[in-house]
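Single-letter residue listing:
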Amino acid sequence: MELHEWSQKLFGFTLHRHAHRHLKDHFIPHAGNNHKPYVVHHRALFLYSALLITLKITVIATPLLYPFSQAQSLSITPQNIIELTNESRVDFGLPELTSSPQLAVAALNKARDMMEKGYFAHFSPEGVSPWYWFAQADYNYSYAGENLAIRFSTAEGVTDAWLSSPAHKANIVSSSFTEIGVAVLTDGFGEEGPATLVVQMFGSPQSGHEPLKTEVSKPDVQTALAESNTVLGNGNSLKPPAILFPLDNSFVNQSTFQIITQAGEGENLQIYVDDKLYAEVLVPSDGQVEYVLPKELALEEGKHVLYASVSNDKEVSRASAHISFQVDTVAPTIYKDKFSMLPALGKTDEFDISASVSDDSIRTLVSAGSDSAALTRESGEKWAGKLTVYNISPDETKPVELFAQDIAGNENRTRVGYIERKTIAGVFSFVETESEVGSKPVSMFGGLLTFNNFDKSVQNFFLYFVVFLTFGLTLKIAIARHIQHPKTIAGTAGVIILAMILFAV
């Protein structure tokens, strides 16, 4: 039996004739539809308009979206960092610091060394201390300190992060410092690509024969090097050596590292770790011994005690002060599945950030492209803060990353999602997966309809709709040229224009 015979039996009409009649009524003007095809009827045009507007509102409301503002912040320059630092000191009732050309040179040399060697630490991989750069710049100090920052995009972000860290803040508001020097350097940083390094050095010029006092803050560590005072051993005339690195009550992020000591020229230096003799070295003419622990003597994770003594042909000195330090080579853990980024209520460009990081982290940052912010620990593993987004252009996608650092300087950086500024001016979308932005599926009608990329699907719909309605209007005008309906034509053209605007916005 033929298809048209089956349809006649089942439906009482032939399918092809029924379809032909309805297509004619919808697209072809004739007497039966009053020369107004159903696709351009005023009721249809109203429904089209409502559908187009509803779809556009859905696109805007579906993701986590929020308006964008052009709020401006200070760029990272040495002068801006110095001004913000002095503002903070004034707030605490302290005098402003004076800019020192020598400290600026020392800071720049330190920044160049970090950039060239791809490290971010007070001590270089070779064990070069911050105070080396002070000496290279011929800056003789009675007090000295150093703050470091990386991966910030605004001067306020840098200073706010420092002020949120007790040790960094201690340097900024220390009454011991009278001078400051700052360097800002942006360049390729190891395998991580471009980065901005900020080095802030504090000092007070040395007068007379005051003992050198130094303070560092990276990450949350503040130290003072003083003369040894532990009385051990049987020597009384030989001055005991001073241990410059590691620092007392500090953390070391390598199991083999450089031990730096200061002693008298020509003396024999003995280095002890956990009461075990690790090395015996002849002190060179400059008095500084830099001994690298060999791999076979690598230290285990955990706490250790270091001290040293010197000797000559006649006697052995007292032992140096015992330095307690801890070896920690494991970076903090970032719990990616517990990260959230929500629009801040009543703000135009600000997001509320909630993150979970293992409790050994002392510094946690969030970044979206070149914008970043320091988070504050609320309790245990819980960190929170606000991120303001400035530097994402329309249709641009940027990764959102968490950066965590422990007291030993171990770092972990994890991508937790993407943020995209939409084609609509001032609209953002945050995607929590690492898949392509916009590809998060959207399901409708209980999963009967699923769009892998809802935004693009709606954009394509607008485009196809314009083609569809233009085709219907063209048939209306071309076939019944002797009978036209100006209101119908104008209304159809208006809906086409509306679809084009919604497509372009």
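Report on the accompanying structure. (Residues numbered from 1 in each chain as written. Predicted model: local features only at pLDDT ≥ 70, side-chain atom pairs only at ≥ 80, totals over all residues. Heavy atoms only, no water.)

Moving on, we come to the side chain of Ser49. Mapped onto the secondary structure, Ser49 falls in helix α3 (residues 42-61). Residue contacts for Ser49: discarding those within four places in its chain leaves Val495 and Leu498. (Helix = DSSP H or I, 4+ residues; strand = E, 2+ residues; numbered from the N terminus. Contact = heavy atoms within 4.5 Å.)

So, about the sheet that holds strand β14 (residues 340-343). Here four strands make up an open sheet; going across it, the order is β14-β15-β19-β18 and the pairing antiparallel. Bordering the open sheet on either side are β14 and β18 (376-379), each of which pairs with just one other strand. The average undirected angle you get between the axes of adjacent strands in this sheet is 25°. By the bridge criterion, four bridges tie β14 to strand β15 (residues 350-356) in an arrangement that is antiparallel. In the sheet register, Met341 faces β15, and the bridge partner there is Ile353. (Pairing = 2+ DSSP bridges. Axes fitted to C-alpha atoms, helices over the stretch in contact; angles between N-to-C directions.)

What follows concerns the packing of aromatic side chains. Describing an aromatic ring pair means giving the distance of the ring centres and the angle of the ring planes. One pass over the full model with this rule turns up 14 aromatic pairs. Measuring from centroid to centroid gives 5.7 Å for Trp131 and Phe134, while their planes differ by 45°, and the two rings are tilted. Of this pair, Trp131 and Phe134 both sit in helix α6 (residues 130-136), three residues apart, which is roughly one turn of that helix. Here Trp131 and Phe134 have matching classes, each one buried. By the ring-pair criterion, three or more aromatic residues cluster together here, those being Tyr48, Phe461, Phe462, Phe465 and Phe468. Of note, Lys338 hangs over the ring of Tyr335, and the distance from its end group to the ring centre comes to 5.4 Å. (Phe/Tyr/Trp six-rings, centres within 6.5 Å; stacked < 30°, edge-to-face > 60°. Buried < 20%, exposed > 50% of the residue type's maximum accessible area, 1.4 Å probe, protein only. Lys NZ or Arg CZ within 6 Å of the ring centre and 35° of its normal.)

When β15 meets strand β19 (residues 382-388), the two strands line up antiparallel, connected through seven bridges. In the strand pairing of β19, Ser356 is matched with Lys382. Where β18 meets β19, three bridges bridge the pair, whose relative direction is antiparallel. Within the sheet, the bridge partner assigned to Ser379 lies in β19 and is Lys382.

A side chain with one charge can pair with a side chain of the opposite charge if their charged atoms come near. A full pass over the atoms with the stated rule returns seven salt bridges. Close ionic contact of Asp113 with Lys117 constitutes a salt bridge, the shortest N to O distance being 3.0 Å. With Asp113 and Lys117 both in helix α5 (residues 101-117) and four residues apart, the pair spans about one turn of that helix. Note on Asp113: relative accessible area 9%, which makes it buried. (Salt bridge = Lys/Arg side-chain N within 4 Å of Asp/Glu carboxyl O.)

Moving on, we come to a negative patch on the surface. Together, Glu83, Glu87, Asp91 and Glu96 line one region of the surface with negative charge. The topology assignment puts Glu87 in helix α4 (residues 78-91). (Patch = residues over 30% accessible without salt bridge, like charges linked within 9 Å, V, L, I, M, F, W, Y side chains within 5 Å. Areas by Shrake-Rupley, 256 points an atom, 1.4 Å probe, with all protein chains shown as cover. Lys, Arg positive; Asp, Glu negative; His and termini not counted. Charge placed at Lys NZ, Arg CZ, Asp CG, Glu CD.)

What follows concerns the sheet that holds strand β8 (residues 258-262). One open sheet holds the three strands; their spatial order is β6-β8-β11, and the pairing between them is antiparallel. Taken across any chain shown, the strands that pair with only one partner, and hence form the sheet edges, are β6 (242-245) and β11 (288-292). Going from strand to strand, the sheet's axes swing by 30° on average, the running direction of each strand aside. For β8 and β11, the ladder comprises five bridges, and the chain directions are antiparallel. Residue pairing for β11: Thr261 is matched across the bridge by Val289.

Turning our eyes to something else, we now look at the side chain of Ser88. Along the chain, the position of Ser88 falls in helix α4. Each residue touching Ser88, except ones within four places of it in the same chain, is listed here: Leu163 and Ile172.

Take it as geometry only, folks, not as evidence of what the structure does.
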